[in-house]
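Structural features, examined
Chain residues, written in single-letter form:
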Amino acid sequence: MEAQRGFSEEQFQAACRELSQPAPAAGGAWQLLVETMGISIYRLHDEQSGLYEYKIFGGLADCPPELLADVYMDLDYRKQWDQYVKELSEKIYDGKRIIYWEVKYPFPLSNRDYVYLRERRDMEIEGQKIWVMLAKSVSLPQCPEKPGIIRVNSYVQSLVLESDGKTGSKVYMYYFDNPGGMIPSWLINWTAKSGVPAFLKDLQKACLNYCKKT
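Residues numbered from 1 in each chain as written. Predicted model: local features only at pLDDT ≥ 70, side-chain atom pairs only at ≥ 80, totals over all residues. Heavy atoms only, no water.

With an unreviewed UniProt entry as reference, the chain is termed Phosphatidylcholine transfer protein, source organism Gopherus agassizii. Comment text from UniProt for the chain, heading Subcellular location (unreviewed entry), reads "Cytoplasm". (UniProt positions renumbered as here; feature names shortened; annotations may be inferred.)

Dropping the structure here:
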């Protein structure tokens, strides 16, 4: 996958449509994994990899979508509030902004790292403002794998935000990655059931503190 290949207009439109879709129906391919803290997490088993894709629906009170998008995009600030970040930086390759991200894993597991392309668009659909952020892994010779760290070569994420009509945001997130290596099932389950809601709550708290920072 080359860095030059960004995201298409259709990919942004498709992400927008997900925000207005009803949650997956019971008994369908997407299974409700957990409902917690105003967040519903669904997962779909990927036959090819044996892993799961995730969709997250919910809301974050007192976090306007534009502020939430700004915080999500601010990598320097994320180093302050995301305890799992070991290294996070952005560089320009072939005219594209490429992000390097190393994630702390619990001992004795090796840390994981990501090289990915990310793009934000502030859109308007039928008079409604929607903020869309898409990310996907890329393979670059300028970012070789590091010894002792497992490279995540298959990573896709989308985050879509709109106002909840009050002072908060309506949120949709899609997430898939293949962390490689032998990951114990308890860690996969913890990440899905607890890690994702905790990340969104940390993001919410970071938004409130971002106002003070700026």
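1. Brief notes about the confidence of the model for the chain
Where the model shows low pLDDT, its predicted coordinates should not be examined in detail. Across the chain, the average pLDDT comes to 90, with 96% of residues at or above 70. By mean pLDDT, helix α4 (residues 185-213) is the weakest element of the chain at 84, and strand β7 (residues 128-137) is the strongest at 97. (pLDDT = per-residue confidence, 0-100. Helix = DSSP H or I, 4+ residues; strand = E, 2+ residues; numbered from the N terminus.)

2. Observations regarding the side chain of N111
The topology assignment puts N111 in the loop between β5 (96-103) and β6 (112-125). Classification of N111 as buried rests on a relative accessible area of 15%. At a separation of 3.0 Å, a polar atom in the side chain of N111 contacts the main-chain amide nitrogen of Y105. With near-sequence residues (within four places) excluded, N111 lies in contact with K86, E102, V103, K104, Y105, G148, I149 and I150. (Buried < 20%, exposed > 50% of the residue type's maximum accessible area, 1.4 Å probe, protein only. Polar contact = N/O pair within 3.5 Å; in protein donor to acceptor, adjacent residues only side chain to side chain. Contact = heavy atoms within 4.5 Å.)

3. Some details on a nonpolar patch on the surface
A grouping of Y84, W186 and W190 is seen on the molecular surface, where their side chains present a nonpolar patch of about 350 Å² in accessible area. Turning to its location among the elements, Y84 is positioned in the loop between α3 (75-81) and β4 (85-93). (Patch = residues over 30% accessible without salt bridge, like charges linked within 9 Å, V, L, I, M, F, W, Y side chains within 5 Å. Areas by Shrake-Rupley, 256 points an atom, 1.4 Å probe, with all protein chains shown as cover. Salt bridge = Lys/Arg side-chain N within 4 Å of Asp/Glu carboxyl O.)

4. Things to note about the packing of aromatic side chains
What the rule picks out here adds up to 13 aromatic pairs. Arranged with centres 6.5 Å apart and planes meeting at 70°, the rings of Y84 and W190 form a pair that is edge-to-face. Pair noted here: Y84 is in the loop between α3 and β4 and W190 is in helix α4, with a separation of 106 residues, a long-range link. A relative accessible area of 37% means that W190 is categorised as partly exposed. Within the aromatic cluster, the residues linked to one another by ring pairs are W101, Y114, Y116, Y155 and Y175. Above the face of the Y52 ring, R43 is positioned so that its terminal group lies 4.0 Å from the ring centre. Just above the ring of F7 sits the side chain of K136; from NZ or CZ to the centre is 5.0 Å. (Phe/Tyr/Trp six-rings, centres within 6.5 Å; stacked < 30°, edge-to-face > 60°. Lys NZ or Arg CZ within 6 Å of the ring centre and 35° of its normal.)

5. Observations concerning helix α1 (residues 9-20)
Here α1 spans 18 Å end to end across 12 residues, near enough to the 16 Å set by a 1.5 Å rise per residue. Turning to α1, its buried residues are F12, A15, C16 and L19. Along α1, the residues classed as buried sweep out an arc of 100° about the axis, all on the same side. Against β6, β7, β9 (155-163) and β10 (169-177) lie the buried residues of α1. (Expected span 1.5 Å × (residues − 1). Arc of directions from axis to C-beta.)

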